[in-house]
Amino acid sequence: MKVKGVNLGNWLVLEKWMSPALFDGTTAEDEYYLPAQLSPEVYEARIKIHRSEYITERDFATIKRIGLNTVRIPIPYFIFGDRPPFIGCIGELDKAFAWAEKYGLQILIDLHTAPLSQNGFDNGGICGVCKWSQTPEEVEFVLNVLEKLAKRYGKRQGLFGITPINEPITEPMWSIMDVENRYEAVDKELAAGSAPNTLEFLKKFYRDAYDRIRPNMAEDKYVVFHDAFQIHAWKEFITQPVFQNVMLDTHQYLMLAEAMGCEQTLNGYIKYIQESYAKDIAQVQEYVPVVCGEWCLFNSYAVGVDTKGGQSILNGMDFQENEQLMDEETKKHLYAQLANAQLAAWDQGAGYFYWSYKLLLDTVNEKNWGGWDCWDLGKSVDLGWFPATV
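Everything numeric here is computed off the predicted structure, so don't read it as measured data. (Residues numbered from 1 in each chain as written. Predicted model: local features only at pLDDT ≥ 70, side-chain atom pairs only at ≥ 80, totals over all residues. Heavy atoms only, no water.)

Peer 1: Please set out the overall build of the chain residue by residue, giving values where relevant.
Peer 2: A count of helical and extended segments in the chain gives 14 helices and 8 strands. Taking 2.2 N^0.38 as the reference for a compact globule, 390 residues should give roughly 21 Å; the C-alpha atoms of the chain span a radius of gyration of 20 Å, in line with that estimate. The C-alpha extent of the chain, read off along each of the three principal axes, is 55 × 50 × 45 Å. Taking contacts inside the chain between residues at least 6 apart in sequence as the whole, the part at least 24 apart equals 76%. Here the chain displays about 15600 Å² of accessible surface, and carbon together with sulfur accounts for 49% of that area. Averaging the coordinates of the 36 positive side-chain charges in the chain and doing the same for the 54 negative ones gives two points 7 Å apart. (Helix = DSSP H or I, 4+ residues; strand = E, 2+ residues; numbered from the N terminus. Rg over C-alpha atoms; globule rule 2.2 N^0.38 Å. Contact = heavy atoms within 4.5 Å. Areas by Shrake-Rupley, 256 points an atom, 1.4 Å probe, with all protein chains shown as cover. Lys, Arg positive; Asp, Glu negative; His and termini not counted. Charge placed at Lys NZ, Arg CZ, Asp CG, Glu CD.)

Set out below in structure tokens:
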């Protein structure tokens, strides 16, 4: 079965740009500082209302209807409610499994954040801090979370697999993303010593995570390792006989292709997709199943200005001048071509998960968000940018 999936981003792991109103009344840029700037009562109410309304049973029915078969659910390290002031969300994941099994979908549980962060991104929980791998007690905490998740869901019909950690950053992407400047740390003392993870650390962590997860899961479920933005670095490691039913997860965004020199034109994107994405995935697929766990249609050409790797109004960018640069028919053609080209590339491997199922952005009235609506799969299907039956 090819994976045809979508991420339920910004449901259990918050990303400010996907739902800015959640951060109203604060200067917080990430989930770590949100509860520090709200009273406990307001924080709890805001989080619980968001979780109950953002994703519901109806969304699982919709995901099934548009032709998908799997959902990837990003979860936080505090899912079990044992890291105050953060609020656990294991009840929401329990509901998701019931919904998935009702509608014939499967779930990839994706541990999306780690204490002190594995990447320094806003989606890693705390901007500008990347010290998790340097903190043995926090590495052990994550391993315990993974073991508990495997024990809870490992035999469930609705489980596709578990990803031990999302997007652990290594030196090449650390430099490309310019993490320390792009994601400015609030607490310089806390951020001091932040550095990218090493492949040596990740290989040991992946072995340890596998040993905690695999004994508690049915044989047909996957342990899915993220490639740490180095898709060709894993052959010797991942083909070890000790590993059974493992998969490699790679995240491929056109905005990162742009940061690496991809020409910002339709032909430039198509060429990159064919000569880089498809080629790389076909090569890796020869020795391990490889899934594109995150991708989308977003690109600077459609926005009308170089977004410098997907930076937005929240990073100080101003797009209002460019709102009319591309008419709707031109945009529809562009997105449809990019969707088909990328789907063909992912078909060289085990499949894909689009990022993301929905956003809460008003791209009509708030002109600075023009061009960002293609991150929303539901809207992309409705507008004919993405094929509804894939």
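The structure having been displayed, the exposition proceeds.
Peer 1: I'd like a rundown of the state of the cysteines, residues and numbers included.
Peer 2: All chains considered together, the criterion is met by 0 disulfides. Summary of cysteine pairing: Cys130 is not part of a disulfide, and the nearest cysteine sulfur, belonging to Cys127, is at 12 Å. The thiol of Cys296 is unpaired, and the distance to the nearest cysteine sulfur, on Cys374, comes to 5.5 Å. (Disulfide = S-S within 2.5 Å.)

Peer 1: How would you summarise the packing of helix H4 (residues 136-153) against helix H8 (residues 199-213) if you had to cite specific residues and measurements?
Peer 2: Viewed as axis vectors pointing N to C, H4 and H8 meet at an angle of 30 degrees, and their least axial separation amounts to 8 Å. By crossing handedness, the relation of H4 to H8 is classed as right-handed. Contacts between H4 and H8 involve Val139, Glu140, Val142, Leu143, Asn144, Leu146, Glu147 and Ala150 from the former and Phe201, Phe205, Asp208, Ala209, Arg212 and Ile213 from the latter. (Axes fitted to C-alpha atoms, helices over the stretch in contact; angles between N-to-C directions. Left-handed = near helix turned anticlockwise from the far one by under 90°.)

Peer 1: Lay out the packing of aromatic side chains with the relevant residues and their values.
Peer 2: Summed over the entire model, instances satisfying the criterion amount to 36 aromatic pairs. Look at Trp234 and Phe237: their rings are 5.7 Å apart centre to centre, the planes differ by 70 degrees, and that puts the pair in the edge-to-face class. Side by side, Trp234 and Phe237 carry an identical accessibility label, which is buried. Note on Phe298 and Trp372: the rings are 4.5 Å apart at their centroids and 40 degrees apart in plane angle, and the pair reads as tilted. Taken together, the positions of Phe298 in the loop between strand E7 (290-294) and helix H12 (300-303) and Trp372 in the loop between strand E8 (351-354) and helix H14 (377-382) put the pair 74 residues apart, joining distant regions of the chain. (Phe/Tyr/Trp six-rings, centres within 6.5 Å; stacked < 30°, edge-to-face > 60°. Buried < 20%, exposed > 50% of the residue type's maximum accessible area, 1.4 Å probe, protein only.)

Peer 1: I'd like a description of the sheet that holds strand E5 (residues 222-226), backed by residues and values.
Peer 2: Strand pairing in a sheet relies on backbone hydrogen bonds. The paired strands run either parallel or antiparallel. One closed barrel accounts for 8 strands, arranged E1-E2-E3-E4-E5-E6-E7-E8; its pairing is parallel. For this sheet, the mean angle separating the axes of adjacent strands, direction not counted, is 25 degrees. When strand E6 (residues 246-251) meets E7, the two strands line up parallel, connected through 4 bridges. By the bridge assignment for E7, His251 is matched with Glu294. Strands in contact with H8 are strand E4 (159-163), E5 and E6; relative to E5, the strand with the most contacts, it is inclined by about 160 degrees. (Pairing = 2+ DSSP bridges.)

Peer 1: Help me get a handle on the pairing of E8, residues and values and all.
Peer 2: Side chains Gly351 and Phe353 of E8 all project onto a buried face; the interleaved residues Tyr352 and Tyr354 project onto the opposite face, where all are buried too. Relative to E8, strand E1 (residues 3-7) is paired through 4 bridges, and the arrangement is parallel. Considered in E8, the bridge of Lys4 is made with Tyr352. Bridging between E7 and E8 involves 2 bridges; their strand directions are parallel. Paired with Cys292 across the two strands is Tyr352, which belongs to E8.

Peer 1: Quick rundown of the pattern of salt bridges? Include the residues and the values.
Peer 2: Taken as a whole, this structure holds 16 salt bridges when the rule is applied. Residue Arg83 is joined to Glu138 by a salt bridge in which the shortest nitrogen-to-oxygen separation is 2.9 Å. With Arg83 in the loop between strand E2 (70-75) and helix H3 (90-102) and Glu138 in helix H4, this pair connects stretches of sequence that are 55 residues apart. The exposure class assigned to Glu138 is buried, which follows from its relative accessible area of 13%. Where Arg212 meets Glu147, a salt bridge forms, and the shortest distance between an N and an O atom there is 3.4 Å. One end of the pair, Arg212, is in helix H8; the other, Glu147, is in helix H4, and 65 residues separate them in sequence. (Salt bridge = Lys/Arg side-chain N within 4 Å of Asp/Glu carboxyl O.)

Peer 1: Go over unusual backbone geometry, please, and point to the residues and values.
Peer 2: Looking along the chain, the bond that leaves Pro84 and enters Pro85 is cis, with omega of 10 degrees. Secondary-structure assignment places Pro85 in the loop between E2 and H3. The omega torsion of the bond from Trp355 to Ser356 falls at 10 degrees, within 30 degrees of zero and hence cis. Here Ser356 shows up in the loop between E8 and H14. One non-glycine residue with positive phi stands out, namely Asp178, at about 50 degrees. Residue position: Asp178 is located in the loop between helix H5 (171-177) and helix H6 (179-182). A positive phi angle, close to 60 degrees, is found at Ala228, a residue other than glycine.

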